[in-house]
Protein chains: 2
Amino acid sequence: MFAVTILGNNSAIPTLDRHPTAQIVTCNDQLLLVDCGEGTQLQITLYKIKRSRIRYILISHLHGDHYFGLIGLLNTFNLMSRTEPLSVYGPPELEQIIRLQLDCSGTVLKFELSFIVLTPGYSGLILEDKDLRVSCFPTQHRITCFGFSFEMQKRKRKLIPEQARAYEIPASYYSKLQEGADYEKKDGTIVKNDWVTLPPGKGKRYVYCADTIYDVNLLLWLKGADAIYHETTYLHDLADRAAERYHTTTVQAATLAADAGVKRLLIGHFSSKYTDLQPFLDETRPVFANTDIAEEGVSYLI
Amino acid sequence: MFAVTILGNNSAIPTLDRHPTAQIVTCNDQLLLVDCGEGTQLQITLYKIKRSRIRYILISHLHGDHYFGLIGLLNTFNLMSRTEPLSVYGPPELEQIIRLQLDCSGTVLKFELSFIVLTPGYSGLILEDKDLRVSCFPTQHRITCFGFSFEMQKRKRKLIPEQARAYEIPASYYSKLQEGADYEKKDGTIVKNDWVTLPPGKGKRYVYCADTIYDVNLLLWLKGADAIYHETTYLHDLADRAAERYHTTTVQAATLAADAGVKRLLIGHFSSKYTDLQPFLDETRPVFANTDIAEEGVSYLI
């Protein structure tokens, strides 16, 4: 399974029914937490996310609505006697902020905590584990900020059934073929794997664009993605304010999605000033039809 | 009015229905926030506390369940364009933790933020404003920790009605007498204020004991208080664990309240392992009858 679960879809000021940014990316049995606003640990509890499965946490930038919940989550991991190692990816100062708070409380972690620094401006692969590859790329925001691209890699080769049958390979051996094995016939002759299979297809891709001004440079990362999350902090009448604060509007996000030819657009990071979110759909869908509000507690299959 | 409103009554691991420690002390039009666990800003919203009225925040110690919500609250104050100055009292490292996070996010505060360091071991007056005097005192916990004593000062002198009538002072002038004024009769003779009033009575006192091991030294601060809040992290069968972790049990807190002769005991900081809190009352009330669970969202008059 490849999915993203929304834990928070609001911008800076949390409200009682919309929380600051946090998402869980699920890739089979692996969970990654992407951003971690205040209260994320309670959202994890509320939506019954298996927290011990989270091995990686990615923090896009150091505005509080994207990371103030991290120290509390780490603390709770420790109080719950976590032993699984955890890697946190984020801007350079993040480790200092976290270590200082752990030190001041006299906390000794029972699990291995590693920080991987995302160097300002860097783009490229940052993480590869099991079926998942994660890359980061800079976005244009008021402070150093990164988006993340998640690609679920297909490991299984594509079987060509008519070829397999032509070589009289038993169907019970097909899964081995998909894993790349050759087949030895009873008479000792070898059927080479690539005679009966094709290379794995391209994996699905989800791109999280974090906080950003409207930026066509992102198209490079968005092109052909199966699903993307793009912020729409404001409706389009506030395009000036959005630009001034390095945020994006509905129409701008939808335009990027359309220009990049992605399959699906999720929008979020709504300003607390909005209580009704329907206008966000009303403005995006005419430009890019397959848009949805990133609803808290909902898992979207990629 | 002199009251305490409970925003969180749980210990370290927050749950969906019990939050980490935070309380609002109300003294007429002044509000003070005492401790500020993660999510306190949402509890403030939920219970309709007027946040702009909070001029003082007191942090007892640097375990996360008592302060992880502070940075988020300050950030929200700023996003809401607060202009009123704010003073934060807490252990020495608190300012560094907060300033570092403000710096990393490029935040420029629109209001004046002062930190007042509570020096380890210090006890005595820390704050006097309008009708309120606040003192701090050290408690015995795993790290430097302070309790706080709040005294609402009575400003009005006590009228002696029969004396006032004997001097033929009109009742419309009684409030002036309570403020300390003399009275001039029509013939020009002066009635001295202290002929018709007595000095103001002793003010009411609320004592917050923060996190602490069972400690009879606290009696000095608790004696004669009108209400106290004392942690009862564990039921009494876990007295050993309580001592080991520098916490207190039900029976211990009730014994202190009884020995100090306080009028009322509020208990809180319950371990997340307990879902039913009734046993906490069952164990405290036989020792100190006027005990209540510090319920979230409830204001207790002192």
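Residues numbered from 1 in each chain as written. Chains lettered and ligands numbered in written order. Predicted model: local features only at pLDDT ≥ 70, side-chain atom pairs only at ≥ 80, totals over all residues.

Some thoughts on the domain arrangement of chain A
Piece 1. Along its sequence, chain A is organised into domain 1 (2–154 + 202–301) and domain 2 (158–198).
Piece 2. Inter-centroid distance (C-alpha atoms) of domain 1 of chain A to domain 2 of chain A is 42 Å. (Domains from an automatic or database assignment.)

Comments concerning the interface of chain A and chain B
Piece 1. Taken residue by residue, the interface counts 30 residues in chain A and 30 residues in chain B.
Piece 2. Looking at side-chain class alone, the side of chain A that touches chain B contains 14 nonpolar, 13 polar and three charged residues. (Contact = placed C-beta atoms within 7 Å. Nonpolar A, V, L, I, M, F, W, Y, C, P; charged D, E, K, R; others polar.)

Considering the relation of the copies chain A and chain B
Piece 1. Note on the identical chains: chain A maps onto chain B by a rotation of 180 degrees and an axial translation of 0.1 Å, with an RMSD of 0.2 Å. Overall, the copies show the geometry of a two-fold rotation axis. By C-alpha distance to the rotation axis, the residue of chain A lying nearest is A:G39, at 2.9 Å. (Least-squares fit on C-alpha atoms with pLDDT ≥ 70 in both.)

Some points on helix α3 (residues 94–104) of chain A
Piece 1. Within α3(A), burial applies to A:L94, A:I97, A:Q101 and A:C104. Seen end-on, α3(A) carries its buried residues on one side only, within an arc spanning 120 degrees. Counted as exposed and oriented over 90 degrees from the buried face of α3(A): A:Q96 and A:D103.
Piece 2. Residues of α3(A) that are buried make contact with α2 (70–79), β5 (86–90) and β6 (113–117) of chain A together with α3 (94–104) of chain B. (Buried ≥ 20, exposed ≤ 12 C-beta atoms within 10 Å, placed from the backbone. Helix = DSSP H or I, 4+ residues; strand = E, 2+ residues; numbered from the N terminus. Arc of directions from axis to C-beta.)

Focus on the sheet that holds strand β1 (residues 2–8) of chain B
Residue and element names in this part refer to chain B.
Piece 1. Read across the open sheet, the seven strands follow the order β6-β5-β4-β3-β2-β1-β18; overall the sheet is mixed. Since the sheet does not close on itself, it has two edges, and those belong to β6 (113–117) and β18 (299–301), each with one partner. Strand-to-strand twist in this sheet, taken as the mean axis angle between neighbours without regard to direction, amounts to 20 degrees.
Piece 2. Looking at chain direction, strand β5 (residues 86–90) and β6 are connected through five bridges and run parallel. Looking across to β6, one finds that S87 is bridged to S114. (Pairing = 2+ DSSP bridges. Axes fitted to C-alpha atoms, helices over the stretch in contact; angles between N-to-C directions.)

Re the packing of α3(A) against α3(B)
Piece 1. At a closest axis distance of 10 Å, the pairing of α3(A) and α3(B) adopts a crossing angle of 170 degrees. When the interaxial angle is binned, α3(A) and α3(B) end up roughly antiparallel. For the pair formed by α3(A) and α3(B), the contact residues are A:Q96, A:I97, A:L100, A:Q101 and A:C104 on the first element and B:Q96, B:I97, B:L100, B:Q101 and B:C104 on the second.
Piece 2. Its residues assigned to classes, the contact of α3(A) with α3(B) shows six nonpolar, four polar and no charged. (Parallel < 35°, antiparallel > 145°, perpendicular 65-115°, else oblique.)

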